[in-house]
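# Breakdown of the fold
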Amino acid sequence: MTERKPPGVDFESWIDKQIREAQERGDFAGLPGVGKPLPGLDKPYDELWWVKDKMAREDLSYLPPSLALRKEAEEAAQTAAAAPSEAALRRILTVVNEKIRAALRAPLEGPPLGLTPFDIEERAREWRREHAR
């Protein structure tokens, strides 16, 4: 639809003509969602609906950096607890501890971090107790 509305032609009739010609050419054939109601019509209007829709379609997420680090720390703790060796546990926790210390020195955007570095020695003792069984 690159042509411009000719002067003196009613706007609505020009649009109707463009749509009709596109339908005749088959431009609308096979579009996803054909014959289905528009999604989200029953929801309140959201200015960022298209951003949220694209993120959902592409399985993306965004967390403020402080929350992302909290999530990473939680996952690191779980991964470390299931680590195959004590050395692996120490590597995992050392990496996340460095990130936590950096965030404590220069606070990240988002809600307060609310984390302290993991006590690696304590976690290693717990790991040894669990794996001694």
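These figures come from a predicted structure and were not determined experimentally.

### Observations regarding the overall build of the protein
- Per the secondary structure count, the protein includes five helices and zero strands.
- Along the chain direction, N to C, the helices and strands of the protein fall in the order α-α-α-α-α.
- By the compact-globule yardstick of 14 Å for 133 residues, the protein is too spread out, its C-alpha radius of gyration being 28 Å.
- Each of the three principal axes of the protein carries a C-alpha extent, and together these read 85 × 35 × 30 Å.
- In the protein, which comprises 133 residues, the proportion classed as buried is 18%.
- Sequence-distant contacts in the protein: of pairs separated by 6 or more residues, those separated by 24 or more amount to 56%.
- Counting only carbon and sulfur atoms, one obtains 57% of the accessible surface of the protein, whose full area is about 10,700 Å².
- Placing the 22 positive and 24 negative side-chain charges of the protein at their respective mean positions leaves the two points 6 Å apart.

### Considerations on the pattern of salt bridges
- Scanning all chains against the criterion turns up eleven salt bridges.
- A salt bridge links arginine 25 to aspartate 27, with the shortest nitrogen-to-oxygen separation between them at 2.8 Å.
- With a relative accessible area of 42%, aspartate 27 lands in the partly exposed category.
- In this structure, arginine 125 and glutamate 122 form a salt bridge, with 2.9 Å as the shortest nitrogen-oxygen distance. Of this pair, arginine 125 and glutamate 122 are both found in helix H5 (residues 120-132), three residues apart, which corresponds to roughly one turn of the helix.
- Salt bridges sharing common partners tie together Glu86, Arg90, Glu121 and Arg128.

### Some points on the environment of glycine 114
- Secondary-structure assignment places glycine 114 in the loop between helix H4 (86-105) and H5.
- A relative accessible area of 76% places glycine 114 in the exposed class.
- Taking the C-alpha atoms as reference points, glycine 114 and isoleucine 100, 14 residues apart in sequence, are found 9.9 Å from one another.

### Examining a nonpolar patch on the surface
- Residues Ile19, Phe28, Leu31 and Val34 make up a contiguous nonpolar surface patch of roughly 360 Å² in combined accessible area.
- Position of leucine 31 relative to the elements: it lies in the loop between helix H1 (11-25) and helix H2 (49-57).

### A look at the confidence of the model for the protein
- Averaged over all residues, the pLDDT of the protein is 89; the fraction at 70 or higher stands at 97%.
- Across the protein, element-level confidence peaks in H4 with a mean pLDDT of 96 and bottoms out in H1 with 85.

### Comments concerning the packing of H4 against H5
- Interhelical geometry of H4 versus H5 gives an angle of 150 degrees and a closest axis separation of 10 Å. The pairing of H4 with H5 is recorded here as roughly antiparallel in orientation. The chirality of how H4 crosses H5 is right-handed. Residues Glu86, Leu89, Arg90, Leu93, Thr94 and Asn97 of H4 lie in contact with H5, whose contacting residues are Ile120, Glu121, Arg123, Ala124, Trp127 and Arg128.
- In the contact of H4 with H5, the residues fall into five nonpolar, two polar and five charged.

Scoring rules and cut-offs
All residue numbers refer to position in the chain's written sequence, counted from 1. Residues qualify for local features only when their pLDDT is at least 70, as the model is predicted, and side-chain atom pairs are given and counted only at 80 or more; totals for whole chains, interfaces and linings, by contrast, use all residues. Side-chain calculation: all heavy atoms of the structure are included, whereas hydrogens and water are not. Put simply, DSSP H or I for four residues or longer makes a helix, DSSP E for two residues or longer makes a strand, and each gets a number counted from the N terminus. The globule rule used here is 2.2 Å times the number of residues to the 0.38 power, and the radius of gyration it is set against is calculated over C-alpha atoms. A 1.4 Å probe rolled over the protein chains alone gives each residue an accessible area, and that area as a share of the maximum for its type sets the label: buried under 20%, exposed over 50%, partly exposed in between. A contact between two residues is defined here by any heavy atoms of the two lying within 4.5 Å. Surface accessibility in these figures is a Shrake-Rupley result with a 1.4 Å probe; residues are shielded only by whichever protein chains are displayed. Here Asp and Glu are counted as negative and Lys and Arg as positive; His is not counted, and neither are the chain ends. Here the site of a charge means atom NZ of a Lys, CZ of an Arg, CG of an Asp or CD of a Glu. When a carboxyl oxygen of Asp or Glu lies within 4 Å of a side-chain nitrogen of Lys or Arg, that pair is called a salt bridge. Patches here are clusters of residues that have more than 30% relative accessible area and form no salt bridge, with a 9 Å joining cutoff for like charges and a 5 Å cutoff for nonpolar side chains (Val, Leu, Ile, Met, Phe, Trp, Tyr). Known as pLDDT, the predictor's per-residue confidence is scaled from 0 to 100. A fitted line through C-alpha atoms serves as each axis, taken over the contacting stretch for helices, and the angle formed by two N-to-C directions is quoted from 0 to 180°. Each angle gets one of four labels, with under 35 degrees taken as roughly parallel, over 145 as roughly antiparallel, 65 to 115 as roughly perpendicular, and the rest as oblique. Two helices cross in a left-handed way if the nearer one is turned anticlockwise from the farther one by less than a right angle. They cross in a right-handed way if the turn is clockwise. We call Asp, Glu, Lys and Arg charged. Ala, Val, Leu, Ile, Met, Phe, Trp, Tyr, Cys and Pro are nonpolar, and the rest, Gly among them, are polar.

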